[in-house]
Structures are given as structure tokens and as C-alpha cells.
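Observations on chain architecture
Spelled out, the chains give:
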Amino acid sequence: MHGLLTALGRGFKRRIGWKRLGIAASLIIIAFAITTLVRTLHGVDTGVILVALTELPPHHIALAALCVVGAFCTLTFYDFFALRTIGKKHVPYRIAALSSFTSYTIGHNIGATVFTGGAIRFRIYSDYGLSAIDVAKICFLSGLTFWLGNLVVLGFGMALHPWAASAMDLLPSAVNRLIAIGCLAGIAAYFIWLVSGENRRELGQNGWKVVLPSARLTLLQVLIGMVDLGFCAMAMYLLMPADPGIDFISLAVVFILATLLGFASHAPGSLGVFDAAMLVALPQFGREQLLATLLVFRILYFLIPFTIAISIMGTRELWLNVVKPWQERRRLSELNDSFPASAAVQPLEGRQPQPVQRRQAQR
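Residues numbered from 1 in each chain as written. Predicted model: local features only at pLDDT ≥ 70, side-chain atom pairs only at ≥ 80, totals over all residues. Heavy atoms only, no water.

1. Side note on the overall build of the protein chain
The criterion, for reference: By definition, any uninterrupted DSSP run of H or I lasting at least four residues is a helix, any uninterrupted run of E lasting at least two residues is a strand, and each is numbered from the N terminus. Exposure classes here rest on a 1.4 Å probe applied to the protein chains alone. A residue is buried below 20% of its type maximum, exposed above 50%, and partly exposed in between. Contacts were defined at the residue level, with two residues in contact if any of their heavy atoms lie within 4.5 Å. Under the convention used here, a 1.4 Å probe and the Shrake-Rupley method define accessible areas, while residue burial counts only the protein chains that appear.
When you go through the protein chain residue by residue, the secondary structure sums to 15 helices and 2 strands. Here the protein chain holds 363 residues, and 40% of them are scored as buried. Long-range pairs, those at least 24 residues apart, make up 70% of the contacts in the protein chain with a sequence separation of at least 6. On the protein chain, roughly 20300 Å² of surface is accessible, and the fraction owed to carbon and sulfur atoms is 68%.

Shown next as C-alpha cells:
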């Protein structure tokens, strides 16, 4: 039996591989989401969406914008925590905040976050002496923060309100509650595994090793992910139509599931996937009103941060590659102009008689 499983595993890696399987899964999710979105949007009145946009309370939009700011401020601690975990304490918080904000925002909006986000991080951290392996560790620990926070919030949310996920996963409430308990049990087992021994916290091989945070620091790691996710869910909650009402926990469950589907699809900005999941999971709301909510949320959480991140990175590259080299060339040119050629000859002429005097003294 063991030989059969080994042969199947080798055949899978040689003919299919995890990379191809991941691409296929992403394409299936995107295709299913687009089909669902087209079917859901059939017959939607654009005029009603515009009216729904005007009916959103301005103070709710302002509060949602503040929640988005809070979410991105919390997001900066993803990289800062990872840097301190791998021992790179010489990198200041402002650089960690810049890297975390730009890599997540640009990577998530462009798509293929693992590659685009990693490239941006390496571009920033390489100026501080970090290698590609160090950046890979940061990406791993930041992703771990994200997933731990999501699993904890999703576990508690589905355990309390299991019916909130039924419209999306089409499973009975009892099964959803069992899944939630399984998520929480997995998190508890992870903490027990961390406490059981320090040596077991080291992962990796062949030069790529990362030491996982201790159980106490993992609590902080989970808290960072939960606060980030809580701000995002609250922003969506503030933008939701008042009628019919929905409680925050149920919306948080739907929001997390839609977000995870969007990440799994690797679609730019989770476009189509996140929206289709929200529309399917919240059928009690009018489609036009919910689309207005999703449009405002995308502007606040995707479009505006993406514009800011692109501007910051563009300005940084312009400064490092154009302005700063020009200033250095100008400084050297001014230094050469202020240093005449005769000044270089005089010290040699002044030192030449000294050996002669010493020889005369010896004689």
C-alpha cells in the first residue's frame, strides 16, 4: 500500500504537479464566479444602483473609510512582526510599513500576490541587506498571520452563526458548525505543538529555515490578523443597506469566505469572485443596493489604496534611480571644480626636500 501511494505521488508530481493544480483551481473558481455573476446581474437596473449610491449615509461612508485606514495601519505590522521574528531588527518600522502596504495593495490588485508582493518586498528590503531567502521568510510569516487571523474569526463566527455560510457552501448548519469546531481545534493543536518544544518550531531545510514564533508571540500574531480582518468587515458592515438588517457576525462570516475565495482565485483585486460570492451569500438584499455597497467598498479598499501605493513606489523609484544619482553626480562635479589641479601638485613638491634633508643629516 505504501509503495502504491508513493508511486501515485511521484506520478502526480511528474505529470500534474501542485503548480498546475493550483492554476486549474484558480481558473475554475474564476469561471464559476463569472458565470454566477453574469446570471445574478441579469436584469439589474443601472439607474437603481445610482439611486442606491446616493442613499448611502455620508457619515457611514466616512466611518467605513476610517475602518479601511485602521485595517491598513494594522496591516503594516504583518511585515514588522515577521522582521522581528527572523531577527532583522535593524529594519525600521517605516520601511516595514512601506513594504507591507505596497506589496499587499499592489500585489492583490494586480493578481498573483505571492510573486508580485514578493518582488516588491525584495525591491525594498534589498536596500537593507536582506536576501531573497529572508524575503521568502517574511512572506511566509505574513501569510501565516493572515491565515491564523482568518481561521480564528471564521471558526468562532461559524460556530455561533453556522447558517451564515450555508448560502455560500450549500452545507447544513450542523456541518458548518462542525467545520468551525474543526478550525478552532486545529488552532488549539497548533498552539499545543508550539508549547511542546522549542526545537520543533524550526521549519525548512537545505539552507531555508525559519523559526516559528513562540506560543505567546503567536497570540500577538493572531491578534494582528483578527484586528485587520475586524476593521475590513466593519467597513463592509457600515456600508450595508439598513433594510433588511444583518448582524455583524453573520456578515463577517460571509465576508471572510468571499475574501478567501478571492485570494484562492488569484484574480486581480478578486474582481468578480468576491462580488459574486457576496451576492450569492446575501440573497435577502436587493441586488442594486448590494452592488452599490460593493462599489463603494471597492473604491475605499481597492482603488484608493492602490493609487496611493503606485504613487509611493513610483516616487521612490524616481528618487532612487533619477534624482539621487543626479544629485551625487552634481556633488562630485562641484567638488572637482572647487579642487584645482595645482593643489594636487603642491603636497608632492612640499614633501620632496624632506628625504634630502634626512640624508644630509645622516652624512
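2. What to know about the state of the cysteines
We count it as follows: Two cysteine sulfur atoms form a disulfide, by the criterion used here, when they sit within 2.5 Å.
In this structure the tally under the stated criterion is 0 disulfides. Summary of cysteine pairing: Cys232 is not part of a disulfide, and the nearest cysteine sulfur, belonging to Cys67, is at 9.1 Å.

3. Section: the pattern of salt bridges
Definition in use: One side-chain nitrogen of Lys or Arg within 4 Å of one carboxyl oxygen of Asp or Glu is enough to make a salt bridge.
Under the counting rule described, the total for this entry stands at 7 salt bridges. The shortest N-O distance in the salt bridge between Arg316 and Asp127 comes to 2.8 Å. Of this pair, Arg316 sits in helix 13 (residues 287–337) while Asp127 is found in the loop between helix 6 (113–125) and helix 7 (132–160), placing the two residues 189 residues apart along the sequence. Through salt bridges with shared partners, a single network forms among Arg123, Asp127, Arg316 and Glu317.

4. Looking at the packing of aromatic side chains
Put simply, the test is: Put simply, two rings from Phe, Tyr or Trp (the six-membered ring, in Trp's case) pair if the centres are within 6.5 Å, and we call them stacked under 30 degrees between planes, edge-to-face over 60, tilted for the rest.
Applying the stated criterion across every chain yields a total of 18 aromatic pairs. The interplanar angle of 85° and the centroid separation of 5.4 Å between the aromatic rings of Phe80 and Tyr93 together place this pair among those described as edge-to-face. Of this pair, Phe80 sits in helix 4 (residues 58–85) while Tyr93 sits in helix 5 (residues 93–110); the two residues are 13 residues apart in sequence, bridging distant segments of the chain. We classify Phe80 as partly exposed; its relative accessible area is 21%. Their ring planes at 15° and their centres at 5.4 Å tell us that Phe297 and Tyr301 sit as a pair that is stacked. Of this pair, Phe297 and Tyr301 both sit in helix 13, separated by 4 residues, roughly a single helical turn.

5. With respect to the side chain of Thr105
Counted only if it meets this: Counted as a polar contact is a pair of N or O atoms within 3.5 Å, where, for protein atoms, one must be capable of donating a hydrogen and the other of accepting one, and residues adjacent in sequence contribute only when both atoms are in side chains.
Assignment of secondary structure puts Thr105 in helix 5. Taking the relative accessible area as the measure of exposure, Thr105 reaches 2% and is therefore buried. One polar contact links the side chain of Thr105 to the main-chain carbonyl oxygen of Phe101, over a distance of 2.7 Å. If near-sequence neighbours (up to four positions away) are discounted, Thr105 is found in contact with Phe72, Pro305, Phe306 and Ala309.

6. Things to note about the nonpolar core
This is how the line gets drawn: Here, nonpolar core refers to any group of buried Ala, Val, Leu, Ile, Met, Phe, Trp, Tyr and Cys residues whose side-chain atoms link them within 4.5 Å.
Core analysis: the biggest nonpolar cluster contains 84 residues, and Tyr125, Met236, Met278, Leu282 and Phe297 have the highest contact counts within it. At 11 residues, the largest contribution of residues to this core is made by helix 13. Sequence-distant contacts of Leu282, defined by excluding residues within four places in its chain, comprise Met240, Ile246, Leu251, Val254 and Leu290.

7. Here we look at the confidence of the model for the protein chain
Note the threshold: Across the chain, each position has a pLDDT score giving the predictor's confidence in that residue, from 0 to 100.
A residue-level look at the protein chain finds 79% of positions with pLDDT of 70 or above and a mean pLDDT of 82. Every residue in residues 348–354 is under pLDDT 50, and counting partners more than four places away or in other chains gives 0 contacts. Considering only residues more than four positions removed or in separate chains, one finds that residues 356–363, a stretch of pLDDT under 50, has 0 contacts.

8. Here we look at the packing of helix 7 against helix 10 (residues 215–239)
The condition that has to hold: A fitted line through C-alpha atoms represents every axis, and for helices the fit uses only the stretch in contact; the resulting angles, taken between N-to-C directions, go from 0 to 180 degrees. Each angle is binned into one of four classes, with values under 35 degrees roughly parallel, values over 145 roughly antiparallel, values of 65 to 115 roughly perpendicular, and all other values oblique. When residues are sorted by character, Ala, Val, Leu, Ile, Met, Phe, Trp, Tyr, Cys and Pro go into the nonpolar class, Asp, Glu, Lys and Arg into the charged class, and all the rest, Gly among them, into the polar class.
Across the interface, helix 7 lies against helix 10 with an axial gap of 7 Å and an inter-helix angle of 70°. Relative to helix 10, the element helix 7 lies roughly perpendicular. Residues Leu141, Leu144, Thr145, Leu148, Gly149, Asn150, Val152 and Val153 of helix 7 form the contact with helix 10, whose participating residues are Thr218, Gln221, Val222, Ile224, Gly225, Met226 and Leu229. A per-class count over the contact of helix 7 with helix 10 returns 9 nonpolar, 6 polar and no charged.

9. Section: the environment of Asp134
As for its placement among the helices and strands, Asp134 is situated in helix 7. For the pair Asp134 and Gly87, spaced 47 residues apart in the sequence, the C-alpha separation amounts to 10.0 Å. Leaving out residues up to four positions away in the same chain, Asp134 has contacts with Ile86 and Lys88. Within the local environment of Asp134, its side chain forms a polar contact with the backbone nitrogen of Ser131, the two atoms lying 3.1 Å apart.

10. Examining helix 4
In an α-helix, one turn spans 3.6 residues; hence positions three or four apart end up facing the same way. Threshold: Multiplying one less than the number of residues by 1.5 Å gives the expected span of a helix.
Across its 28 residues, helix 4 extends 41 Å between first and last C-alpha, which sits within 8% of the 40 Å expected from 1.5 Å per residue. Where helix 4 terminates, the next one or two residues include Gly87, which has phi positive at roughly 85°.

11. Some points on unusual backbone geometry
Residues apart from glycine generally show negative phi values, whereas peptide bonds are mostly found in trans. Residue Asp243 is joined to Pro244 through a cis peptide bond whose omega torsion reads -5°. Within the secondary structure layout, Pro244 lies in the loop between helix 10 and helix 11 (248–265). Its identity as a non-glycine residue notwithstanding, Leu170 has a phi of 60°, on the positive side. Leu170 gets classed as exposed once you look at its relative accessible area, which sits at 73%.

12. Some points on the environment of Ala136
You can see Ala136 is positioned in helix 7. Looking at Ala136, the relative accessible area reads 30%, which means it is partly exposed. Sequence spacing of Ala136 and Gly118 is 18 residues, and the spatial spacing of their C-alpha atoms is 7.3 Å.

13. Quick word on the packing of helix 10 against helix 13
Put simply, the rule reads: Handedness of a helix crossing follows the sense of rotation of the near helix relative to the far helix, less than a right angle counterclockwise being left-handed and clockwise being right-handed.
For the pair helix 10 and helix 13, interaxial distance at closest approach is 9 Å and the crossing angle is 140°. Looking at the two axes, helix 10 sits oblique to helix 13. As for how helix 10 packs across helix 13, the hand of that crossing is right-handed. Contacts between helix 10 and helix 13 involve Cys232, Ala235, Met236 and Leu239 on the former and, on the latter, Thr293, Leu294, Val296, Phe297, Leu300 and Tyr301. Here the contact of helix 10 with helix 13 is built from residues that sort into 9 nonpolar, 1 polar and no charged.

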